[in-house]
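Coordinate inspection notes
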Amino acid sequence: MSGNSKSVLAVLDREDQDNVKADLSVFFGPRAHIFLEIYNQMLTRKGSKRLYVTSWSWVVLLTGFPWFFYRKMYGFGAALVLIPFLIHYVIGGIGMVALAATFAISAKGGYVRAGLRRLLKADELALAGEERQRYLARAGGVSVVAGTIAGVTVAAATVVVFAGHGIAHRPI
């Protein structure tokens, strides 16, 4: 297990869980209660499995990478733009379905782990009080602009694909 995972696991063992949950609420932003449920499930588990709680997300299944941009997980969202092409090339269409389901099952837990890493970063920076709250709110929460741009990109790409398919199969 990596040092980062050990550190994240250590947050689950802290005595000040009320403070951890308050910080996570600030990081999660809108609909924090959904992610706090995942965190509470992590608290009840044993060992390293604690970090890998799964929970179905229809929103992630239906939107794909725009959800990750909306939740400010830009690196992961960007990877999701490229990974499906690779999976489709190597495995084919069934791989795409499996990939989409995997992301729909693991996205919420991944967002909670991202929040825990940001709490550790805030600790490392010795942030407290209002400064800590501003840092967590800025690092987490949502970006309507990024989510919208990612969503529009998906919609435009879908139109291009279907338009190209229609043109390629138009009778001469």
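Attention in this report is confined to the structure presented alongside it. This one's a predicted model, so the numbers in the text were calculated from it and none came from an experiment. (Residues numbered from 1 in each chain as written. Predicted model: local features only at pLDDT ≥ 70, side-chain atom pairs only at ≥ 80, totals over all residues. Heavy atoms only, no water.)

**Quick word on the pattern of salt bridges**
Defined as follows: By definition, a salt bridge exists where a carboxyl oxygen of Asp or Glu is found within 4 Å of a side-chain nitrogen of Lys or Arg. By definition, any uninterrupted DSSP run of H or I lasting at least four residues is a helix, any uninterrupted run of E lasting at least two residues is a strand, and each is numbered from the N terminus. Think of it in three bands: with a 1.4 Å probe and only protein chains considered, a residue is buried below 20% of the maximum accessible area for its type, exposed above 50%, and partly exposed in between.
Following the criterion strictly, the structure yields six salt bridges and no others. As a salt-bridge pair, D123 and R14 come within 2.2 Å of each other at their nearest N and O atoms. Of the two residues, D123 sits in helix 7 (residues 93-124) while R14 sits in the loop between helix 1 (3-12) and helix 2 (17-28), which places them 109 residues apart along the sequence. E124 is the partner of K121 in a salt bridge, and the nearest nitrogen-oxygen pair spans 3.4 Å. Placement of the pair is K121 and E124 together in helix 7, with a separation of three residues, close to one helical turn. Judged by its relative accessible area of 61%, E124 falls in the exposed class.

**Notes on the packing of helix 2 against helix 8 (residues 129-139)**
Stated precisely, the cut-off is as follows: The axes used here are C-alpha line fits, helices contributing only the stretch in contact, and every angle between their N-to-C directions lies in the interval 0 to 180 degrees. Note that the term roughly parallel is reserved for angles under 35 degrees, roughly antiparallel for angles over 145, roughly perpendicular for angles of 65 to 115, and oblique for everything else. What makes two residues a contact is simply this: any of their non-hydrogen atoms within 4.5 Å. All amino acids are sorted into three groups, where Ala, Val, Leu, Ile, Met, Phe, Trp, Tyr, Cys and Pro are nonpolar, Asp, Glu, Lys and Arg are charged, and the leftover types, Gly among them, are polar.
At their nearest, the axes of helix 2 and helix 8 sit 6 Å apart, and the two run at 45° to each other. The orientation of helix 2 with respect to helix 8, classified from their angle, is oblique. For the pair helix 2 and helix 8, the contacting residues are D23, V26 and F27 in the first and R132, Q133, L136, A137 and A139 in the second. Along the lines of polarity and charge, the residues of the contact of helix 2 with helix 8 split into five nonpolar, one polar and two charged.

**A closer look at the environment of V53**
Among the structural elements, V53 can be located in the loop between helix 3 (32-44) and helix 4 (58-63). Remark: the alpha-carbon pair of V53 and M42, spanning 11 residues in sequence, is separated by 6.4 Å. Residues contacting V53, with those up to four places away along its chain left out, are I38, Q41, M42, R45 and G109.

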